[in-house]
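Reading the structure
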Amino acid sequence: MSMLEVKDLRVAYGKIEAVKGISFDVEEGQVVSLIGTNGAGKTTTLRTISGLLRPARGSITFEGKRIDDVPAHKIVTLGLAQSPEGRRIFPRMTVEENLMLGAFARKDGSSAVRQDLDAAFELFPILRERRSQPAGTFSGGEQQMLAMGRAMMSRPRLMLLDEPSMGLSPLMMKKIMSTVQTLKAQGTTILLVEQNANAALKISDVGYVLEVGKIVLRGTGQELLSSDEVRKAYLGEE
Ligand SMILES: Nc1ncnc2c1ncn2[C@@H]1O[C@H](COP(=O)(O)OP(=O)(O)OP(=O)(O)O)[C@@H](O)[C@H]1O
Ligand SMILES: [Mg+2]
C-alpha cells in the first residue's frame, strides 16, 4: 500500500474538466513531483487531495483511508498539510501568528505545538529572528519559508507543496529545494508541484508529467531529467 493513492481522478469546474482521469501514487518517505506547464491541472489536483475541491470521479486514499469525501479541516488532522500556490500568508499578522494558524486543528496540547514551532524555527532561523514582525513585510522567499513553516505546524506525514520556487531567485530556490530534502530526511513525505522541472526532478524520487489534465509520463527524477521529451518541453532544450 502506498501512502497516497490517487485513482482515475477527475475534477471539473462546471463544464471545464481540469483533471481528466489521472492515477498516481506517493510512497512513504519519498519526494514525488508533478510537473507541468500553466493550466495543466497541478493546483486543481493538490486542492482536491487537500479536500478543498471535490472530485467528479475517482478516489483518493491516504494511509489506507478514503479521503475524497472528508472535509479539508479533518484531512489536516489525518496528517496531510498543504503549502498553497502563492503562499497565502496573512500580511497583517505576525510571523508567529501565521505559524500558529497551521496548528489550528491540533488537539495534542501546547508543549507539542511549541516543539513544532521550534522545529520550524530550526529549519528557518529567519522566522525566529522576525517572529514579531508583520508577515506582509517579508520578501517572496521569506514568505515561502513561512508558508512551509506553517504547513509543518500540523506535524504532517505528507506535505503538499504548490510551486514553492515561484518567483524566487536561483539562490533562494536552491535553499527551498534543499529544505525539501531536509524535510524528507526528517521523515516527511513530499508531493511537490513545480513548473521548474529541473529543480524539482533533481530532488525527486519519482516524477509525473501532467499535460492538460492528463499524466503523459512517469519516471524516476533522473529518468525524466534525461528524457528527450522532458528536455524539449520543460527544460527549453532543442
Ligand atoms: N476556479 C476555477 N474556475 C474555472 N476554471 C478553473 C478554476 N481554477 C482553475 N481552472 C482551470 O482549470 C485548469 C487547470 O488549472 P490549475 O490551476 O489546476 O493549473 P496549474 O497546473 O496549477 O497551472 P499553473 O502552473 O498556472 O498554476 C485551467 O484550465 C484553469 O483555467
Ligand atoms: Mg497552479
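The notes below deal with the structure included here. Because the structure is predicted, anything quoted here is derived from the model rather than measured.

Remarks on the site of ligand 1
Surveying the vicinity of ligand 1 reveals 13 residues, the closest of which are N38, K42, T43, T44 and E85. In the environment of ligand 1, an oxygen atom lies 3.1 Å from a nitrogen or oxygen atom belonging to the backbone of A40. Between ligand 1 and the protein, one listed contact pairs an oxygen atom with a backbone N or O atom of G41 at 2.9 Å. Here ligand 1, which alone exposes 630 Å², has 62% of that area covered by the protein. Among the elements that line the shell around ligand 1, the one with the most residues is helix α1 (residues 42–49), at 3 residues. Broken down by class, the residue content of the shell around ligand 1 amounts to 3 nonpolar, 7 polar and 3 charged.

Structural notes on unusual backbone geometry
For R87, which is not a glycine, the phi torsion comes out positive at approximately 75°. Mapped onto the elements, R87 comes out in the loop between β6 (80–83) and α3 (95–101). Residue class for R87 comes out buried when judged on its relative accessible area of 10%.

Topic: the nonpolar core
Core analysis: the largest hydrophobic core is formed by 44 residues, its most contacted members being L99, L127, L146, I190 and L192. Within the second largest apolar cluster, 28 residues are counted, among which are L4, I60, I67 and L191.

So, the coordination of the magnesium ion (ligand 2)
Those protein atoms acting as donors to the magnesium ion (ligand 2) are T43 (OG1) and E85 (OE), and they sit at 1.9 to 2.0 Å. A residue pair is termed long-range when its members are at least 10 positions apart, and T43 in helix α1 and E85 in the loop between β6 and α3 qualify at 42 residues. We classify T43 as partly exposed; its relative accessible area is 22%.

Examining the packing of helix α6 (residues 140–152) against helix α7 (residues 170–185)
At a minimum axis separation of 10 Å, α6 and α7 run at an interaxial angle of 15°. For the element pair α6 / α7, the angle class is roughly parallel. Classified by chirality, the crossing of α7 by α6 is right-handed. Contacts between α6 and α7 pair G141, E142, Q144, M145, M148 and M152 from the former with M172, K175, I176, T179, V180 and L183 from the latter. Classifying every residue of the contact of α6 with α7 gives 7 nonpolar, 3 polar and 2 charged.

Structural notes on the side chain of K42
With respect to the secondary-structure elements, K42 resides in helix α1. A relative accessible area of 4% means that K42 is categorised as buried. Beyond its immediate stretch of four places on either side in the chain, K42 contacts L34, I35, G36, T37, E163, V193, E194, Q195 and L210.

What about α6?
For α6, which comprises 13 residues, the first-to-last C-alpha distance of 18 Å matches the rise-based estimate of 18 Å (1.5 Å per residue) to within 8%. Of all 13 residues in α6, 12 are buried, a share of seventy percent or more. Every buried residue of α6 is accounted for by G141, E142, Q143, Q144, M145, L146, A147, M148, G149, R150, A151 and M152. Buried residues in α6 make contact with β6, α3, α4 (109–123), α5 (125–129), β7 (158–162) and α7.

Things to note about the layout of surface pockets
Here the largest pocket is characterised by a volume of approximately 530 Å³. Lining the largest pocket are 20 residues, with V76, Q82, P84, F104 and R150 sitting closest to its centre. Take the lining of the largest pocket: its biggest share by element is 4 residues, from helix α2 (residues 72–78). When its volume is computed, the second largest pocket comes out at roughly 210 Å³. Around the second largest pocket sit D116, A119, M152, R155, P156, R157, M159, L183, Q186 and T188, which together line it.

Conventions we followed
- Residues numbered from 1 in each chain as written.
- Chains lettered and ligands numbered in written order.
- Predicted model: local features only at pLDDT ≥ 70, side-chain atom pairs only at ≥ 80, totals over all residues.
- Heavy atoms only, no water.
- Near = heavy atom within 4 Å.
- Polar contact = N/O pair within 3.5 Å; in protein donor to acceptor, adjacent residues only side chain to side chain.
- Areas by Shrake-Rupley, 256 points an atom, 1.4 Å probe, with all protein chains shown as cover.
- Helix = DSSP H or I, 4+ residues; strand = E, 2+ residues; numbered from the N terminus.
- Nonpolar A, V, L, I, M, F, W, Y, C, P; charged D, E, K, R; others polar.
- Buried < 20%, exposed > 50% of the residue type's maximum accessible area, 1.4 Å probe, protein only.
- Core = buried A, V, L, I, M, F, W, Y, C linked by side-chain atoms within 4.5 Å.
- Donors = N, O, S within 2.8 Å, 3.2 Å for Na, K, Ca; no water.
- Axes fitted to C-alpha atoms, helices over the stretch in contact; angles between N-to-C directions.
- Parallel < 35°, antiparallel > 145°, perpendicular 65-115°, else oblique.
- Left-handed = near helix turned anticlockwise from the far one by under 90°.
- Contact = heavy atoms within 4.5 Å.
- Expected span 1.5 Å × (residues − 1).
- 1 Å grid on protein atoms, 1.4 Å probe; cavity = no way out; pocket = protein on both sides within 12 Å on 5 of 7 lines; lining within 4 Å.
- Points joined across faces, edges and corners; volume = space filled by probe spheres on them.

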